[in-house]
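As a plain string of letters, each chain reads:
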Amino acid sequence: MADSVDEFEFFLEKPWSDGLPVVTPTEARVARMLAGTTRDPDELIGHIPPMMEPATVRTVAIHALMAGCKPEYLPVVLGALQLMLREEFNMNGVQGTMHGAAPLMIVSGPYAQSIGLNGGNGCFGPGFRANASIGRAIRLMMLNLGGGMAGVASATIFATPLRYTACITENLEKSPWESLALSKGYAPTDNVITCAMVESPRQSFDDVSDEPVRLLTGIADSMVAMGSWNMHARSDMVVAMGPQHAAICARAGMSRADVHAWLVAHAGRRVRDLKGGGNFRPERVRAMAPYAPSAQLDPDNDDCFIPAIKTAEDLQLIVAGGWGPCTAICHGWSGGSKAVHGTYDLP
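Nothing here was measured: the structure is a model prediction, and the numbers come from that model. (Residues numbered from 1 in each chain as written. Predicted model: local features only at pLDDT ≥ 70, side-chain atom pairs only at ≥ 80, totals over all residues. Heavy atoms only, no water.)

Q: For the overall build of the protein chain, give the residues involved together with the corresponding values.
A: Helix and strand counts for the protein chain stand at 13 helices and 12 strands. For 347 residues, the compact-globule estimate of 2.2 N^0.38 gives 20 Å, and the C-alpha radius of gyration of the protein chain, at 21 Å, lies within 12% of that figure. For the protein chain, the C-alpha atoms occupy an extent of roughly 70 × 40 × 30 Å along the three principal directions. For the protein chain, the proportion of contacts with a sequence separation of at least 24, taken over those separated by at least 6, is 80%. Looking at charge distribution, the protein chain has the averaged site of its 27 positive side-chain charges lying 3 Å from that of its 35 negative ones. (Helix = DSSP H or I, 4+ residues; strand = E, 2+ residues; numbered from the N terminus. Rg over C-alpha atoms; globule rule 2.2 N^0.38 Å. Contact = heavy atoms within 4.5 Å. Lys, Arg positive; Asp, Glu negative; His and termini not counted. Charge placed at Lys NZ, Arg CZ, Asp CG, Glu CD.)

Set out below in structure tokens:
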């Protein structure tokens, strides 16, 4: 690159970024990034839809570098991308959707703690390099290798700030319960990533409730809406309880599994409350019936209860955020994706 060319302006003028400056991927910097893994730089991780450009360890490292990652973040980026390319996660669908959903990573295990991923105060927001750059690396690959740019391959109407970056961990220090990974059967020493296609978090603020049923009733209400895809299709959802809210439940003797089951059973709406607007269609209710056989879904019965969570495994319940009377709820995407989870390799 000529000395007269500003490297940051050069990249910002190209369709290679998310609109923010990127770190220039020089050969020396790429070599340093590749030191974060022992995998062969030419190993193919997969092809990113819809353009289906190949993502090798080297190209993943380049995008991680551009996003601002440290070399020690690279194993998480590689592991997350492998999970997201699973067929059931349907990256191709979310790349082209009109919706604004994004793939959210929940990183569990000791490695997440060692690299400084934040699950406490402000975990969904700015100020934390590991969270911001790991999530951004995935997004840059979805743009550059997958072509998921608004108005090009993506028909998204509004998109969402979650499409800049979407990576958090749990607040295990202040959680009264086991981690999400342990609830899925992993060991405490396992390093695990769970990915779900979701909307940006909406917050359920409750500084009044001091017992679980009242508290969870409010949270369950925030999990439903006429315009939420969770009411009209089998969709994933992430509920990130603040430590203060989780503590109210734990003090009353409720385990994580108890809270999970309560929300699955009680978050929903009657047909009469849904059919007046939003996405309600009788055929959509009938299509959901195989996923919730015990609910006996009937669009012609005004008293029929439509659960927001059709299958219990679709609710990812974690404890995250700082101390305060708030829980964050991320609604799901149109039923086109199924959450995935798995371990990833360390260097």
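Read on, since the account is not over.
Q: Go over the sheet that holds strand S5 (residues 192-198) with me, naming the residues and quoting the values.
A: Ordered by their spatial adjacency, 4 strands build an open sheet running S4-S3-S5-S12, and the pairing between neighbours is mixed. Pairing within the sheet leaves two strands with one partner each, and these edge strands are strand S4 (167-169) and strand S12 (340-343). Ignoring strand direction, the axes of neighbouring strands in this sheet form an average angle of 25°. Pairing of S5 with S12, which is carried by 4 bridges, proceeds in the antiparallel orientation. The residue bridging valine 192 from the neighbouring strand is threonine 343, located in S12. Across the sheet, helix H4 (residues 74-84) touches strand S3 (102-108), S5 and S12, and the angle it forms with S5 is around 50°. Contacts between helix H7 (residues 129-144) and the sheet are confined to S3 and S4, with S3 contributing the most and set at about 140° to the helix. (Pairing = 2+ DSSP bridges. Axes fitted to C-alpha atoms, helices over the stretch in contact; angles between N-to-C directions.)

Q: Give me the pattern of salt bridges: which residues, what numbers.
A: Under the defined criterion, the tally for this structure stands at 10 salt bridges. Across the salt bridge formed by arginine 136 and aspartate 18, the nearest N and O atoms sit 2.7 Å from each other. In this pair, arginine 136 sits in helix H7 while aspartate 18 sits in the loop between helix H1 (7-12) and helix H2 (27-34), placing the two residues 118 residues apart along the sequence. Relative accessible area serves as the criterion here: at 14%, aspartate 18 is assigned to the buried category. The salt bridge partner of arginine 234 is aspartate 314, with a shortest N-O separation of 2.6 Å. Residue arginine 234 is found in the loop between helix H9 (212-222) and strand S7 (237-241), and its partner aspartate 314 is found in the loop between strand S9 (305-307) and strand S10 (315-319); the two are separated by 80 residues along the sequence. (Salt bridge = Lys/Arg side-chain N within 4 Å of Asp/Glu carboxyl O. Buried < 20%, exposed > 50% of the residue type's maximum accessible area, 1.4 Å probe, protein only.)

Q: Talk me through unusual backbone geometry; I want residue IDs and the actual numbers.
A: Omega for the bond connecting proline 49 with proline 50 falls within 30 degrees of zero, at 0°, which places this linkage in the cis form. By the element assignment, proline 50 lies in the loop between strand S1 (44-48) and strand S2 (53-56). Of note, the phi angle at alanine 159 is positive, near 60°, even though the residue is not glycine. Looking at the secondary structure, you find alanine 159 in the loop between H7 and S4. Phi is positive for serine 334, close to 35°, though the residue is something other than glycine. Along the chain, the position of serine 334 falls in the loop between strand S11 (326-330) and S12.

Q: Explain the side chain of threonine 194 residue by residue, including any values.
A: Looking at the secondary structure, you find threonine 194 in strand S5. Leave out the neighbours within four places in its chain, and threonine 194 touches Leu104, Met105, Ile106, Leu180, Lys184, Gln316, Val340 and His341.

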